[in-house]
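Secondary and tertiary structure notes
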There are 2 protein chains.
Amino acid sequence: MGTAHDYARVFNALGDPTRRVIVERVSEGPVSVSDLAKPLKMTLAAVVQHIQVLEASGLVRTRKVGRVRTCSLRAKGFAPATDWMAARKSLWEKKLDRLGALLDEEE
Amino acid sequence: MGTAHDYARVFNALGDPTRRVIVERVSEGPVSVSDLAKPLKMTLAAVVQHIQVLEASGLVRTRKVGRVRTCSLRAKGFAPATDWMAARKSLWEKKLDRLGALLDEEE
């Protein structure tokens, strides 16, 4: 984590509806991979791939205890995406302020 | 806007690197569709499609004056995504608090 493109990995991860469902479920507490897979209409291999994308994005961490792999939310993993959006919003508001100042000058 | 799944449209929109570039550019001020298209290595039709996805997500608004269509950021369009992430983070933190309380009881 910490590179310039973390937000790209987070947005790519959250751009998929299955991965958003996984993030919603792990937000309520740690879940085993097999419990995560049960309601999802896809193979376990496909679920594992989605979890790997989430892990690489920094949104989920997994831990293996014995034969059970458990997924947890990594809540600070959202930060690159929220920071990116806040920065865009801030740039836009500064632009609006400058436009407002120009209009004031013309009055 | 205002339905339960606005966040899905925003995340789907931002899950694409070209659409993130478009959002970055319009954040710096209104841009015509043809100026937006210039540095992008794709057809104008493809750029227009990306803009339509961004418009449907609530992140961009467009306005046609004469023959020029201009794109602007709709900064409040980020809110469904930031709200969704804040809600997941909040659920997770409550879960951690409950786990912490359980551990305290066991001491």
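Everything discussed here concerns the structure shown above.
Residues numbered from 1 in each chain as written. Chains lettered and ligands numbered in written order. Predicted model: local features only at pLDDT ≥ 70, side-chain atom pairs only at ≥ 80, totals over all residues. Heavy atoms only, no water.

What follows deals with the overall build of chain A. Helix and strand counts for chain A stand at five helices and three strands. Starting at the N terminus and ending at the C terminus, chain A contains elements arranged as α-α-β-α-α-β-β-α. Taking 13 Å as the expected radius of gyration for a compact globule of 107 residues, we find that chain A reaches 19 Å, considerably beyond that expectation. With respect to the three principal axes, the spread of C-alpha positions in chain A is 70 × 30 × 20 Å. Counting every position in chain A, which comprises 107 residues, the buried fraction comes to 40%. Across chain A, the fraction of contacts at a sequence separation of at least 24, relative to all contacts at a separation of at least 6, is 53%. Here chain A has roughly 6,200 Å² of accessible surface; of this, 53% comes from carbon and sulfur atoms. Charged side chains in chain A number 18 positive and 13 negative. The centres of these two groups are separated by 17 Å. (Helix = DSSP H or I, 4+ residues; strand = E, 2+ residues; numbered from the N terminus. Rg over C-alpha atoms; globule rule 2.2 N^0.38 Å. Buried < 20%, exposed > 50% of the residue type's maximum accessible area, 1.4 Å probe, protein only. Contact = heavy atoms within 4.5 Å. Areas by Shrake-Rupley, 256 points an atom, 1.4 Å probe, with all protein chains shown as cover. Lys, Arg positive; Asp, Glu negative; His and termini not counted. Charge placed at Lys NZ, Arg CZ, Asp CG, Glu CD.)

Let us now look at the interface of chain B and chain A. At the interface, 27 residues of chain B touch 27 residues of chain A. Carbon and sulfur atoms make up 73% of the surface buried where chain B meets chain A, a total of about 2,600 Å² over both sides. The three residues of chain B that bury the most area against chain A are Arg 20, Met 85 and Trp 92 of chain B, which together make up 25% of that side's buried surface. Linking chain B to chain A there are eight residue pairs in polar contact (both at pLDDT 80 or more). Per element, the largest residue contribution to the side of chain B that touches chain A is nine residues, and it comes from helix 5 (residues 79-106) of chain B. (Buried area = accessible area lost by both parts, 1.4 Å probe. Polar contact = N/O pair within 3.5 Å; in protein donor to acceptor, adjacent residues only side chain to side chain.)

The interhelical angle for the contact between helix 2 (residues 17-27) of chain A and helix 5 of chain B, taken along N-to-C directions, is 30 degrees, at an axis separation of 8 Å. Taken as axis vectors, helix 2 of chain A and helix 5 of chain B run roughly parallel relative to one another. Within the contact between the two elements, helix 2 of chain A uses Arg 20, Val 23, Glu 24, Val 26 and Ser 27 of chain A and helix 5 of chain B uses Trp 84, Arg 88, Leu 91 and Trp 92 of chain B. Among the residues forming the contact of helix 2 of chain A with helix 5 of chain B, the class breakdown is five nonpolar, one polar and three charged. (Axes fitted to C-alpha atoms, helices over the stretch in contact; angles between N-to-C directions. Parallel < 35°, antiparallel > 145°, perpendicular 65-115°, else oblique. Nonpolar A, V, L, I, M, F, W, Y, C, P; charged D, E, K, R; others polar.)

A cluster of nonpolar side chains, Leu 96, Leu 99 and Leu 102 of chain A, forms an exposed patch at the surface whose accessible area comes to about 250 Å². The residue Leu 96 of chain A is located in helix 5 (residues 79-106) in this model. (Patch = residues over 30% accessible without salt bridge, like charges linked within 9 Å, V, L, I, M, F, W, Y side chains within 5 Å. Salt bridge = Lys/Arg side-chain N within 4 Å of Asp/Glu carboxyl O.)

A separate point is the relation of the copies chain B and chain A. Rotating chain B by 180 degrees and moving it 0.0 Å along the rotation axis overlays it on chain A with an RMSD of 0.0 Å. The relationship between the two copies is best expressed as a two-fold rotation axis. Taking C-alpha positions as reference, the residue of chain B nearest the rotation axis is Gly 15 of chain B, located at 2.2 Å. Looking at chain B, 100% of its interface residues are interface residues in chain A too, so the copies touch through the same face. (Least-squares fit on C-alpha atoms with pLDDT ≥ 70 in both.)

Let's shift gears to the sheet that holds strand 3 (residues 68-73) of chain B. Residues and elements named next belong to chain B. The antiparallel open sheet is built from three strands, whose spatial order is 1-3-2. If you trace the sheet from one side to the other, it starts and ends with strand 1 (31-32) and strand 2 (60-65), each paired once. In this sheet, strand 3 lies alongside strand 1 in antiparallel orientation, the contact comprising two bridges. Residue pairing in the sheet places Val 31 in a bridge with Cys 71 of strand 3. The strands touched by helix 4 (residues 44-57) within the sheet are strand 2 and strand 3, with strand 2 carrying the most contacts at an inclination of about 120 degrees. (Pairing = 2+ DSSP bridges.)

Time to look at the side chain of His 50 of chain B. Residue and element names in this part refer to chain B. Position of His 50 relative to the elements: it lies in helix 4. Polar side-chain contacts of His 50 include one of 3.1 Å to the side chain of Arg 19. Other than its neighbours up to four places away in sequence, His 50 contacts Asp 16, Thr 18, Arg 19, Ile 22 and Met 42.

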